[in-house]
Amino acid sequence: MVFPWDHHIITSYINAHLAVTPMSFTLQLGEKAPRFELPATDGKTYKLSDFSEETLVVFFTCNHCPYVVGSDEVTRKTVEKYADKGVKFVGINSNSVATNATDSFDHMVKRMEEHKFPWTYLRDESQELAVAYGAMRTPHFYVFNADRKLVYTGRAVDNPRETDKMTINDLENALNEHISGKPITTPLTNPIGCNVKWDGKDAHWMPPDACDLV
């Protein structure tokens, strides 16, 4: 359950509203994190308010995207690096199983059991949360401060598919500055990865307003 969306609103939004209304698709810097109530692979259901850490990193991810698979271990290291610095990571899979069956909740559970990733992994079956946040790709990261206002969004690293070739970790740079109380030098980057798989749409379809952030 995501507030204030319901299923018929999300369907209408994707199929009609995005195509005709000029707006910014992705959550803007300074905006508050949309609330949610979603099931997790650990058998629990989580709300936004369940996460009390000073800094919350929400990232849209999935089970199969090569950019996700290629960078999961780098993300693991980042999560572990900041675990004792008041930073919590929450992964969300919004991909339609009609596009790729391996994005099912059961596959999410199996993947977490196999890899034991150190983040909470939520399922956004209705895709309402992906719309609320304006998720464009997998992975796509959002960093929120203690007031749950957005302070960074975009990529983690500049080569998530082949992390042995990456040259910069924008997510860690943003976290370092934020935790130190400094303004984030580069608060916007373009997420790099596969597009979110929208239900009822072609596998490569993206909402018309889902353009580059910078």
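Residues numbered from 1 in each chain as written. Predicted model: local features only at pLDDT ≥ 70, side-chain atom pairs only at ≥ 80, totals over all residues. Heavy atoms only, no water.

1. Details of the pairing of strand β8 (residues 150-154)
Right, so step 1: The buried fraction of β8 amounts to five of the five residues, a majority that puts the element mostly inside the structure.
Right, so step 2: The hairpin turn running from strand β7 (residues 140-144) into β8, its antiparallel successor, is five residues long, and Arg148 in that turn takes a positive phi close to 60°. (Buried < 20%, exposed > 50% of the residue type's maximum accessible area, 1.4 Å probe, protein only. Helix = DSSP H or I, 4+ residues; strand = E, 2+ residues; numbered from the N terminus. Pairing = 2+ DSSP bridges.)

2. Things to note about the pairing of strand β4 (residues 87-93)
Right, so step 1: Most of β4 is tucked away, with six of its seven residues classed as buried.
Right, so step 2: Note: strand β3 (residues 55-61) against β4, seven bridges, orientation parallel. Each residue of the ladder has a partner; that of Val58, found in β4, is Val90.
Right, so step 3: As paired elements, β4 and strand β5 (residues 120-123) share four bridges and run parallel to each other. Across the sheet, Ile92 pairs through a bridge with Leu122, a residue of β5.
Right, so step 4: With respect to chirality, the unit in which β4 leads through helix α3 (residues 105-115) into the neighbouring parallel β5 is right-handed. (Right-handed = clockwise from strand over helix to strand, strands pointing away.)

3. Concerning the environment of Thr45
Right, so step 1: Of note, Thr45 is situated in strand β2 (residues 45-47).
Right, so step 2: Classification of Thr45 as partly exposed rests on a relative accessible area of 49%.
Right, so step 3: The sequence separation of Thr45 and Leu122 amounts to 77 residues, and the corresponding C-alpha distance is 8.3 Å.
Right, so step 4: Contacts of Thr45, omitting those with residues within four sequence positions, involve Glu37, Leu38, Pro39 and Asp50. (Contact = heavy atoms within 4.5 Å.)

4. Examining the confidence of the model for the protein
Right, so step 1: Looking at the protein, pLDDT values average 90 and 89% of them are 70 or higher.
Right, so step 2: Every residue in residues 1-23 is under pLDDT 50, and counting partners more than four places away or in other chains gives 42 contacts. (pLDDT = per-residue confidence, 0-100.)

5. Topic: the packing of helix α2 (residues 66-82) against helix α5 (residues 170-179)
Right, so step 1: Two elements in contact, α2 and α5, have axes whose closest approach is 11 Å; the angle formed by their N-to-C orientations is 10°. When the interaxial angle is binned, α2 and α5 end up roughly parallel. Between α2 and α5 lies a crossing whose hand is right-handed. Here α2 contributes Thr78, Lys81 and Tyr82 to the contact with α5, which in turn contributes Leu171, Glu172, Leu175, Asn176 and Ile179.
Right, so step 2: Tallied by class, residues from the contact of α2 with α5 come to four nonpolar, two polar and two charged. (Axes fitted to C-alpha atoms, helices over the stretch in contact; angles between N-to-C directions. Parallel < 35°, antiparallel > 145°, perpendicular 65-115°, else oblique. Left-handed = near helix turned anticlockwise from the far one by under 90°. Nonpolar A, V, L, I, M, F, W, Y, C, P; charged D, E, K, R; others polar.)

6. Concerning the side chain of Ser71
Right, so step 1: Here Ser71 lies in helix α2.
Right, so step 2: A polar contact is formed between the side chain of Ser71 and the backbone oxygen of Tyr67, at a distance of 2.6 Å. (Polar contact = N/O pair within 3.5 Å; in protein donor to acceptor, adjacent residues only side chain to side chain.)

7. Some details on unusual backbone geometry
Right, so step 1: Here Thr138 and Pro139 are connected by a cis peptide whose omega angle stands at 0°.
Right, so step 2: Along the chain, Pro139 turns up in the loop between β6 (137-138) and β7.
Right, so step 3: At Gln127, a position not held by glycine, the phi torsion is positive, near 70°.
Right, so step 4: Structurally, Gln127 is set in the loop between β5 and α4 (128-133).
Right, so step 5: Even without glycine at this site, Arg148 takes up a positive phi of about 60°.

8. Concerning α5
Right, so step 1: Counting buried positions along α5 gives seven out of 10 residues, so the element sits mostly inside the fold.
Right, so step 2: Buried within α5 are the following residues: Asp170, Leu171, Glu172, Ala174, Leu175, Glu177 and His178.
Right, so step 3: Residues of α5 that are buried in the fold lie against β3, α2, β4, β7 and β8.
Right, so step 4: Of the residues flanking the end of α5, it is Gly181, one or two places downstream, whose phi is positive at about 80°.

9. Observations regarding the pattern of salt bridges
Right, so step 1: Summed over all chains, the structure comprises six salt bridges.
Right, so step 2: Taking the shortest distance from any N to any O, the salt bridge between Arg111 and Asp72 comes out at 2.7 Å. Residue Arg111 is located in helix α3, and its partner Asp72 is located in helix α2; the two are separated by 39 residues in the primary sequence. Across the pair, exposure class does not vary: Arg111 and Asp72 are buried alike.
Right, so step 3: Here Arg155 makes a salt bridge to Asp170, at a shortest N to O gap of 2.5 Å. Here Arg155 is found in the loop between β8 and α5, whereas its partner Asp170 is found in helix α5, with 15 residues between them in sequence. (Salt bridge = Lys/Arg side-chain N within 4 Å of Asp/Glu carboxyl O.)

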